[in-house]
Amino acid sequence: MNISVRLFSWVVATIHLALGSLAVADSPRASAEARQWADEVHDAAGVRGGFVVHIGDIGEKTAALRTCDRFCVQGLASSDDCLRAARDAIRAMDCYGPVTVACCDDKRLPYIAELVNLVVVDGADSVPDEAEIRRVLAPNGVALIRSGEGWKRIVKPWPATL
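**Concerning the nonpolar core**
Soluble globular proteins tend to pack their nonpolar side chains together in the buried interior.
(1) Moving on: Ranked by internal contacts, the top residues of the largest apolar core, which has 27 residues, are Trp37, Val41, Val52, Leu65, Leu118, Val120 and Leu144.
(2) Moving on: Put simply, the parts of the chain that give this core at least two residues each are helix H2 (32–45), helix H3 (60–64), strand E2 (71–77), helix H4 (80–92), strand E3 (99–103), strand E4 (116–122) and strand E5 (137–147).
(3) Moving on: Ranked by residue count, the leading element in this core is H2, at 5 residues.
(4) Moving on: With near-sequence residues (within four places) excluded, Leu65 lies in contact with Trp37, Ala38, Val41, His42, Val52, His54, Phe71, Val73 and Val120.
(5) Moving on: Core analysis: the second largest hydrophobic core is formed by 19 residues, Val53, Leu109, Val116 and Val121 among them.

Now the structure itself:
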């Protein structure tokens, strides 16, 4: 990847994070159950900030993944109905902006390479393949894929050339 594409990706991610930090800290948040789930995800991932993508049971859990101003979160819906329901839930918690949702098919994630710091797949009917998840992960980015009661953890290594 050439330097201008990487620079552009970095600028876009920085702006996204900066705008996300403008959200009201005391806005209504997710239920205790959703917050506990998000804490479990963050403990398993070990990611301290950045761009988080949630695939699966989006809505309240997606909003809960924004545990602090260092995270911007986007949920990916598999249908228009799911998208509308998730947007309504996130708006009701007054955190739409630093938390957003978009429609996506299950084959290709709608991001440039090496943009996402954390991918969480939980409750999804279909999951993008591991190569596609690795494509969007930033170096040292983490993917957590629900596997039974636990998580399958994938870490994209830091390239030797950087």
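**Let's talk about the pattern of salt bridges**
(1) Moving on: Taken as a whole and judged by the stated rule, the model has 11 salt bridges.
(2) Moving on: Between Arg146 and Asp122 there is a salt bridge, and its shortest N-O distance comes to 3.3 Å. With a gap of 24 residues between them, Arg146 in strand E5 and Asp122 in strand E4 connect regions that are remote in the sequence.
(3) Moving on: By relative accessible area, Arg146 is classed as partly exposed at 24%.
(4) Moving on: A salt bridge links Arg134 to Glu130; its shortest N-O distance comes to 3.2 Å.

Thresholds, definitions, all that
Residues numbered from 1 in each chain as written. Predicted model: local features only at pLDDT ≥ 70, side-chain atom pairs only at ≥ 80, totals over all residues. Heavy atoms only, no water. Core = buried A, V, L, I, M, F, W, Y, C linked by side-chain atoms within 4.5 Å. Buried < 20%, exposed > 50% of the residue type's maximum accessible area, 1.4 Å probe, protein only. Helix = DSSP H or I, 4+ residues; strand = E, 2+ residues; numbered from the N terminus. Contact = heavy atoms within 4.5 Å. Salt bridge = Lys/Arg side-chain N within 4 Å of Asp/Glu carboxyl O.

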